[in-house]
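Single-letter residue listing:
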Amino acid sequence: MSRIAILGAGVMGSAMCLPAHDRGHQIHLVGTHLDREIIDSIKSSGHHPKLNVTLPKGISAYHHQDFADALGGDSDLIILGVSSAGVAWAIDRLCETLDKSIPIVMITKGMHPEPDRLTTLPDYVASEVRRRRGLSLPIAAIGGPCIAGELAVRRQTGTVITARDETLAQSLCSMLATDYYHPRPCPDVVGVEICAAFKNFFAIGVGWAVGRLENLAETPNRACNHNATAILFDQAVREMMVLVRAHGGADSSVWGMPGAGDLYVTCQAGRNSRLGHNLGRGLTYRAVREGPMKGDTIEGAELGVSVAATLRSMMTKGQLHAAALPLTTALLNALTQDSPLDVPWAAFHQP
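Anyway, here's the lowdown on the structure attached to this text. Every value quoted in this text rests on a predicted model; they were computed, and no experiment measured them.

**Brief notes about the side chain of H247**
Then step 1. Looking at where H247 falls in the secondary structure, it is placed in the loop between helix 10 (226–246) and helix 11 (251–255).
Then step 2. A polar side-chain atom of H247 sits 3.1 Å from the main-chain amide nitrogen of L118.
Then step 3. Within the structure, the side chain of H247 is placed 2.9 Å from the backbone oxygen of L243, a separation counted as a polar contact.
Then step 4. Beyond its immediate sequence surroundings of up to four residues, H247 is in contact with R117, L118, V190, I194 and M314.

**Observations concerning the side chain of T159**
Then step 1. Positionally, T159 belongs in strand 11 (residues 157–162).
Then step 2. T159 sits in the buried class, given a relative accessible area of 0%.
Then step 3. Ignoring any residue separated from it by four or fewer positions in sequence, one finds T159 in contact with I142, G143, P145, C146, Y181, H182, P183, R184 and M257.

**Let's talk about the sheet that holds strand 12 (residues 181–186)**
Then step 1. On the basis of which strands lie adjacent, the open sheet formed by eight strands has the order 5-2-1-6-7-10-11-12 and mixed pairing. Strands with a single pairing partner mark the edges of an open sheet, and in this sheet they are strand 5 (60–62) and strand 12. If you compare each strand with its neighbour and ignore which way they point, the axes differ by 25° on average.
Then step 2. Pairing of strand 6 (residues 77–80) with strand 7 (residues 104–106), which is carried by three bridges, proceeds in the parallel orientation. The residue of strand 7 that forms the bridge with I79 is V105.

About the criteria used
Residues numbered from 1 in each chain as written. Predicted model: local features only at pLDDT ≥ 70, side-chain atom pairs only at ≥ 80, totals over all residues. Heavy atoms only, no water. Helix = DSSP H or I, 4+ residues; strand = E, 2+ residues; numbered from the N terminus. Polar contact = N/O pair within 3.5 Å; in protein donor to acceptor, adjacent residues only side chain to side chain. Contact = heavy atoms within 4.5 Å. Buried < 20%, exposed > 50% of the residue type's maximum accessible area, 1.4 Å probe, protein only. Pairing = 2+ DSSP bridges. Axes fitted to C-alpha atoms, helices over the stretch in contact; angles between N-to-C directions.

Written as structure tokens, this is what we have:
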């Protein structure tokens, strides 16, 4: 039995309690500063209010200020389940708490923008902890389609665990695999992480077609807008491939579970798709943030805003071919210029 600390009691971090617990590990779930109500509920009844499930008995819940106690001196693994906006906060907690190297597996989706390229979050976290604490942390990440609400009730789920150290990825797969949770190792950290982050971004574009349907005149045969959705999905996969190749990732991650598989799942529901629906109705990003989705964390939009300058710089310098990224460009413009999402149909499917 291993001792696992999960930092972040949101839906995905908490859902990871299930396979870890069912493998017989000792689980200490630690909330962030935003998770007080969740932790209080778990402490009192075991019920997770956002997942609407009761977590298994034996999972210990802690508030963020008790992270050191939850970690103890003998934890075997940290699962980092904060949002992309919480990565800097999590790095601070790791640096003030860790006094030795402990393996970390990240379920956070996002990229860290540099002036001329994007850096994966595992690489960024590792470099910051090394710079500030002098510790070399073995870090892995989980990608692929995994809806927290389904994992939390033990529905069949397949993911990939990626690490530069293939032995680490394989050991984590063995540590977390159950009869319903099926991780497989993958050495393509860059490809998996770009797909994991950008599927949220591109789901906004795919979701546009659903909202657009509401503004179209109803036809006698009650035609939907599935053809447009398929075009957008195909273009999203194509552009994900461009981004992955430009950063040295593998094609297999794009057409496999981290890319196309996760994009499919993300397009079925969730905040990124809902933003796309609202943009399809003709609202601007600012109007959506101030109106129907006020207060919501929209990971794909936050990613787009954070990486816009880097991607535009890479296009200007020829590191990325702008003509191959028309959907990306349209989404960046909509998210950073407060303009309607103008889908460039004629620019799709070009060599």
